[in-house]
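A structural walkthrough
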Amino acid sequence: MRRTFDDARRWARLGTELLLEAAAGLDDDGFAAPSALPGWSRAHVAAHVAANAEALSNLVHWAATGEPTPMYASPEERAAGIERGRALPAAELTAWLRGSVDALETGMAALGEEQWRAQVVTAQGRTVPATEVPWLRSREVCVHAVDLANGVSFADLPADFLTALCDDVVAKRAAAPGPAVTLRAPAAGAAWDLPGDGEAVLVTGELHDIAAYLTGRDAGPLTADGTPAPTLGAWL
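Cut-offs used in this document
- Residues numbered from 1 in each chain as written.
- Predicted model: local features only at pLDDT ≥ 70, side-chain atom pairs only at ≥ 80, totals over all residues.
- Heavy atoms only, no water.
- Buried < 20%, exposed > 50% of the residue type's maximum accessible area, 1.4 Å probe, protein only.
- Helix = DSSP H or I, 4+ residues; strand = E, 2+ residues; numbered from the N terminus.
- Pairing = 2+ DSSP bridges.
- Expected span 1.5 Å × (residues − 1).
- Arc of directions from axis to C-beta.
- Axes fitted to C-alpha atoms, helices over the stretch in contact; angles between N-to-C directions.
- Contact = heavy atoms within 4.5 Å.
- Parallel < 35°, antiparallel > 145°, perpendicular 65-115°, else oblique.
- Nonpolar A, V, L, I, M, F, W, Y, C, P; charged D, E, K, R; others polar.
- Left-handed = near helix turned anticlockwise from the far one by under 90°.

Glancing now at the pairing of strand E3 (residues 179–185). For E3, the tally of buried residues reaches five of seven residues, placing the bulk of the element in the interior. With five bridges joining them, E3 and strand E4 (residues 190–194) adopt antiparallel strand pairing. Bridge pairing in E4 links Thr182 to Asp193. Here E3 folds back onto E4, and the loop between the two strands holds four residues, one of which, Gly189, carries a positive phi near 65°.

Pasting the structure below:
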């Protein structure tokens, strides 16, 4: 499917609502509990998403002013920010999460049509128009709402977002070595071919299961012969 700017804005708002609902009411012990990401607590996830909002606000500032403002000063600074954030008391971490969300939304709402077309550079070094910012944010909030492991699953995310997410992940994975996989979600009328080494393995399942598998959040549905789906490398 072809995602639109309006789609991405809608998904970002919905994902933000799900994320904030999942984080609401977590105390220090709740944030210290494991997330769905190996080695990360819920506090790590919340801090990462808050820092991402601030980083994307830098791109919004770049688009608004023309002043080059990188998302992060360096990978080390990015990691250090998450470590500082995850050590915050629950109330402060929640306030940072909400405040960063509000600041990003305010900044995006103030951009004019020409500013949205301004070129900015992502943390991965890609030069893109600022209109990509809502899509980058929608991926973060939707997927990490699930990663908080507090009541949100891929099945709670809209089918059109999941389809766009799978499109995006397959395009990125196609550029890296890995197993060849044919993915089918018959109920959603969706299919993808992941190029790679060897003969393609057929993996069929629900759309949300395919999305979880492609993003490395789940081992995935079984292959056609009942064996586990091939293990995929890192997504981002």
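Moving on: helix H5 (residues 90–109). Here H5 is 20 residues long and its end C-alpha atoms lie 29 Å apart, about the 28 Å a rise of 1.5 Å per residue gives. When H5 is considered as a whole, its buried residues turn out to be Ala90, Leu93, Thr94, Trp96, Leu97, Ser100, Val101, Leu104 and Met108. Angular distribution of buried residues about the axis of H5 spans 160°; they occupy a single face of the element. Seen from the open side of H5, the exposed residues pointing more than 90 degrees away from its buried face are Ala91, Thr106 and Ala109.

Moving on to the sheet that holds strand E5 (residues 197–204). On the basis of which strands lie adjacent, the open sheet formed by three strands has the order E4-E3-E5 and mixed pairing. Whereas interior strands pair on both sides, the edge strands pair on one side only; in this sheet they are E4 and E5. Adjacent strand axes in the sheet meet at a mean angle of 10° when their direction is disregarded. For E3 and E5, the ladder comprises five bridges, and the chain directions are parallel. In the sheet register, Arg184 faces E5, and the bridge partner there is Thr204. Its contacts with the sheet put helix H8 (residues 159–173) on E3 and E4, and the angle it makes with E4 is roughly 10°. Of the strands in this sheet, E3, E4 and E5 are in contact with helix H9 (residues 207–214), which crosses E3 at around 155°.

This part is about the environment of Ala12. Mapping Ala12 onto the fold places it in helix H1 (residues 5–23). Linking Ala12 and Glu105, residues 93 residues apart in sequence, is a C-alpha distance of 9.7 Å. Excluding residues within four positions of it along the chain, Ala12 makes contact with Pro134, Arg137, Ser138 and Val141.

So, on to the environment of Arg3. With respect to the helices and strands, Arg3 occurs in the segment before H1. For Arg3, a relative accessible area of 27% corresponds to the partly exposed category. Sequence separation between Arg3 and Asp218 is 215 residues; the distance between their C-alpha atoms is 24 Å.

Two numbers describe how helix H3 (residues 42–65) lies on helix H7 (residues 133–147): the axes approach to 10 Å, and their chain directions differ by 175°. By the criterion of interaxial angle, the relationship of H3 to H7 is roughly antiparallel. Packed against H3, whose contacting residues are Val45, His48, Val49, Asn52, Ala53, Leu56, Leu59 and Val60, the element H7 presents Val133, Leu136, Arg137, Glu140, Val141, His144 and Asp147 at the interface. In the contact of H3 with H7, the residues fall into nine nonpolar, three polar and three charged.

Here Asp168 shows up in helix H8. What Asp168 contacts, discounting residues up to four positions off in sequence, is Arg3, Trp135, Arg139 and Trp235.

Let us now look at the packing of H1 against H5. The geometry of H1 relative to H5 is characterised by a closest axis approach of 11 Å and an angle of 165° between their N-to-C directions. Relative to H5, H1 is oriented roughly antiparallel. For the crossing formed where H1 meets H5, the hand is left-handed. For the pair formed by H1 and H5, the contact residues are Arg9, Arg13, Thr16, Leu19, Leu20 and Ala23 on the first element and Leu97, Arg98, Val101, Glu105, Met108 and Ala109 on the second. Here the contact of H1 with H5 is built from residues that sort into seven nonpolar, one polar and four charged.

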